[in-house]
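Each chain is listed here by its residues.
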Amino acid sequence: MSVGKIRISDDLEVEVVDPHNIQPVYVDLVTELRVNDGVLYLSFANVVVDGESHALSRKAQVCARLRISGRTAEFIKNVLSQPEPEQAPAGQKLN
């Protein structure tokens, strides 16, 4: 299933596809954060609480592992360091 297009450079545009309908992942913890040979390694986990046993137990269950190229990691860093745009209240436009 095509979900849009991304322009990578002035003369290169690629189609974005999601054939497996990947679901969003919500995370509670970062379990890995390192750079190796210019690649950013990130792993995330959910905190799972098991209430079935006599003693309450908590586990960090890994839910996603990402390997991000240095160029893409730098782009993400730049976007996240910008202030969030002001949002208009429902039904109103910003000037």
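Quantities reported herein were computed from a predicted structural model and do not represent experimental measurements. (Residues numbered from 1 in each chain as written. Predicted model: local features only at pLDDT ≥ 70, side-chain atom pairs only at ≥ 80, totals over all residues. Heavy atoms only, no water.)

**A closer look at the pairing of strand β1 (residues 2–9)**
Our working definition: Two strands form a pair only when DSSP identifies at least two bridges running between them. In this description a helix means any DSSP run of H or I spanning at least four residues, a strand means any run of E spanning at least two, and both kinds are numbered starting from the N terminus.
Relative to strand β2 (residues 12–17), β1 runs antiparallel, the two sharing six bridges. Its bridge partner lying in β2, K5 is registered against E15. Joining the antiparallel neighbours β1 and β2 is a turn of two residues.

**Some words on the sheet that holds strand β3 (residues 29–36)**
In plain terms, the rule: Every axis in this analysis is a line fitted to C-alpha atoms, fitted for helices over the stretch in contact. Angles between the N-to-C directions lie between 0 and 180 degrees. A contact between two residues is defined here by any heavy atoms of the two lying within 4.5 Å.
The antiparallel open sheet is built from three strands, whose spatial order is β3-β4-β5. For this open sheet the edge positions go to β3 and β5 (57–69), each flanked by a neighbour on one side alone. Here the strands of the sheet are splayed against their neighbours by 15° on average, with no regard to which way each runs. Lying on the sheet, helix α1 (residues 70–81) is in contact with β4 (39–50) and β5; it crosses β5 at an angle near 110°.

**Some remarks on the nonpolar core**
If you look at soluble globular proteins, the nonpolar side chains tend to sit buried side by side. Cut-off, in case you're wondering: Throughout this description, the term nonpolar core refers to a set of buried Ala, Val, Leu, Ile, Met, Phe, Trp, Tyr and Cys residues connected via side-chain atoms within 4.5 Å. Each residue is placed in one exposure class: buried if its accessible area under a 1.4 Å probe, protein chains only, is under 20% of its type's maximum, exposed if it is over 50%, and partly exposed if it falls in between.
By size, the foremost hydrophobic cluster in this structure holds six residues: L40, L42, F44, A64, I68 and A73. Counting only elements with at least two residues in this core, the list comes to β4 and β5. If we ignore the near neighbours within four places in the chain, the residues touching F44 are V27, L29, V30, T31, Q61, V62, C63, A64 and L66.

**Digging into the pattern of salt bridges**
Pairing of side chains with opposite charge becomes possible as their charged atoms draw close. Keep this limit in mind: Within this document, salt bridges are pairs made up of a side-chain nitrogen of Lys or Arg and a carboxyl oxygen of Asp or Glu, the two lying within 4 Å of each other.
Tallying each qualifying case throughout the model produces four salt bridges. Here R34 ties to E32 by a salt bridge, and the two come within 2.9 Å at their closest N and O atoms. Residues E32 and R67 are paired through a salt bridge, measuring 3.5 Å at the closest nitrogen-oxygen approach. Separated by 35 residues along the polypeptide, E32 in strand β3 and R67 in strand β5 bring together distant segments of the chain. Its relative accessible area of 16% is what places E32 among the buried residues. Accessibility expressed as a relative area gives 42% for R67, which makes it partly exposed. A single network of salt bridges, built from pairs that share partners, joins K5, R7 and E13.

**Brief notes about the confidence of the model for the protein**
Caution is warranted with low-pLDDT regions, since their predicted coordinates should not be read in detail. Note the cut-off: pLDDT expresses, on a scale from 0 to 100, how confident the predictor is about each individual residue.
Residues with a pLDDT of 70 or more make up 85% of the protein, whose mean pLDDT is 86. Confidence scores differ between elements of the protein, with β1 showing the lowest mean pLDDT of 85 and β3 the highest of 97.

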